[in-house]
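# Geometric and topological summary
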Amino acid sequence: PPRVFSGIQPTGSIHIGNYLGAISQWVKLQDQNEDLILSIVDLHSITLPHDPHTLSTNILELTATLLGSGIDPNKVILFQQSNVHAHAELCWCLGCISTMARLAHLPQYKEKSASLKNIPLGLFVYPVLQAADILSYKSTHIPVGEDQVQQIQLCQELARMFNSKFGETFPIPHTMITSSEYGRIKSLRDPSKKMSKSDPDEKSRICLTDAPDVIVRNIKKAVTDFQSEVTFDAEKRPGISNLLSIHSFVTGKSIDTICKEAEHLDTGRFKLEVADAVVAYVKPIQDTIAQHLSDKSYLLNVLAQGAEKASNIANDTLKEVHEKLGMVVKS
Ligand code: TYM
């Protein structure tokens, strides 16, 4: 049976890239009654230097943000990764069949380690932990943005390798990308890069929790090109095309329709329209996030119940893995 799994790091505010590429997909899958498991992957977010106080605040805020975005804890399992010990343990087992050469090859590792003098071991092992997240639930489908594709390929390889060495255990998970349009939302400051939580320039993103005036300001300042018409061409005009994608998502209109309606507008005027549409779209989400944030005990309760359900599944898988590896000594 299909089982859908995905994860998100509690590192700072959730932006519209996370939302379009991943979270909105999760809500859709939830509403189609898919068997869905979602993890707030705090173990992943300590692979780069971090501030403990901020992390615990971020975990709570992310929980509220997911609920505010429409995730219903009665329909999906939503939990904090470090509360389910099986992830780290399965990561160890999978780490023993991973090779350093393969991990050193992964683009995210290369990118993130490039500027570091001392590279944490955790950053290197990151994708093995991600594979453990997925395989702990014998997941079959992984809805993510495009930047995760290579890491999930590694997971597929590890699953195949484990199965062939130790016997059929894991299904090979499939990557699910919403669409090339939403799977890679670009930075507002540099449309050749993806929108990212870790970009030091806050003007590069639209966060779900940004105040309306901040959203308007950042979209107004979005880098486009020297052509003033509103037309879509992801290759040649990535800046304006990115804004068109965002506009199309939040209004539900097709890109064609939007371009026609914007025929008499220049990009400057169009940006204001995009900003208004985004503000109107996120307003109700923001209100729900704020409501949830005011009820900390409810949020903690959601996470506790999620961890219990997730542990039940993950512990069974871990037990099976231990048996297959020959760690269970029978009397
Ligand atoms: P993270 O926290 O960076 O991002 C969460 C999700 O948002 C997607 N995303 C984007 N989609 C479109 N455009 C963008 N600009 C954009 N930026 C981010 C990401 O692709 C992701 O789906 N390693 C993962 C977390 C993880 C995970 C897992 C995911 C850990 N274990 C197991 C799936 C399965 C990450 O850092 O996501």
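Residues numbered from 1 in each chain as written. Predicted model: local features only at pLDDT ≥ 70, side-chain atom pairs only at ≥ 80, totals over all residues. Heavy atoms only, no water.

The next thing to look at is the site of the ligand. In the vicinity of the ligand, 28 residues are found, and the nearest of them are Q9, Y126, D133, D147 and I185. G17 has a polar backbone atom sitting 3.1 Å from a nitrogen atom of the ligand. Taking K197, its side chain carries an N or O atom lying 2.9 Å from an oxygen atom of the ligand. Taken by itself the ligand offers 720 Å² of open surface, and the protein chains cover 96% of this. Looking at the shell around the ligand, the elements with two or more residues in it are β1 (4-8), α1 (16-31) and α6 (121-135). (Near = heavy atom within 4 Å. Polar contact = N/O pair within 3.5 Å; in protein donor to acceptor, adjacent residues only side chain to side chain. Areas by Shrake-Rupley, 256 points an atom, 1.4 Å probe, with all protein chains shown as cover. Helix = DSSP H or I, 4+ residues; strand = E, 2+ residues; numbered from the N terminus.)

Note that S196 resides in the loop between β5 (174-176) and α8 (212-220). The buried category is assigned to S196, whose relative accessible area is 15%. A polar contact is formed between the side chain of S196 and the side chain of S198, at a distance of 2.9 Å. Filtering out sequence-adjacent residues up to four positions away, S196 remains in contact with H15 and R205. (Buried < 20%, exposed > 50% of the residue type's maximum accessible area, 1.4 Å probe, protein only. Contact = heavy atoms within 4.5 Å.)

Looking now at the packing of helix α9 (residues 238-251) against helix α11 (residues 267-293). Following both chains from N to C, one finds α9 and α11 inclined at 35°, their axes separated by 9 Å at the closest point. In this structure, α9 crosses over α11, and the sense of that crossing is left-handed. Taking contact as the criterion, the partners of I240, L243, L244, I246, H247, F249, V250 and T251 in α9 are, on α11, T267, F270, K271, E273, V274, A277, V278 and Y281. Classifying every residue of the contact of α9 with α11 by side-chain character gives 11 nonpolar, 3 polar and 2 charged. (Axes fitted to C-alpha atoms, helices over the stretch in contact; angles between N-to-C directions. Left-handed = near helix turned anticlockwise from the far one by under 90°. Nonpolar A, V, L, I, M, F, W, Y, C, P; charged D, E, K, R; others polar.)

A separate point is the environment of I240. Position of I240 among the secondary structure elements: in helix α9. C-alpha of I240 to C-alpha of S136: the two residues are 104 residues apart in sequence and 41 Å apart in space. Not counting the four nearest positions on each side in its chain, I240 is found in contact with T224, V230, T231, T267 and F270.

Quick look at the pairing of strand β2 (residues 36-40) now. A large share of β2 lies buried, amounting to 5 of its 5 residues. Alternating residues of β2 divide into L36, L38 and I40 and I37 and S39, and every residue in both groups is buried. Where β1 and β2 come together, 5 bridges link them in parallel fashion. Its bridge partner lying in β2, S6 is registered against L38. (Pairing = 2+ DSSP bridges.)

Note on pairing: side chains with opposite charge can pair once their charged atoms come close. In this structure the tally under the stated criterion is 12 salt bridges. Its salt-bridge partner being R189, residue D201 comes within 3.8 Å of it at the nearest N-O pair. Residue D201 is located in the loop between β5 and α8, and its partner R189 is located in the loop between β5 and α8; the two are separated by 12 residues in the primary sequence. Residue class for R189 comes out partly exposed when judged on its relative accessible area of 31%. Here D287 makes a salt bridge to K283, at a shortest N to O gap of 3.1 Å. Pair noted here: D287 and K283 are both in helix α11, with a separation of 4 residues, about one helical turn. The exposure class of D287 is partly exposed, given its relative accessible area of 37%. Taken together, the salt bridges that share partners define one network made up of K138, E320 and K324. (Salt bridge = Lys/Arg side-chain N within 4 Å of Asp/Glu carboxyl O.)

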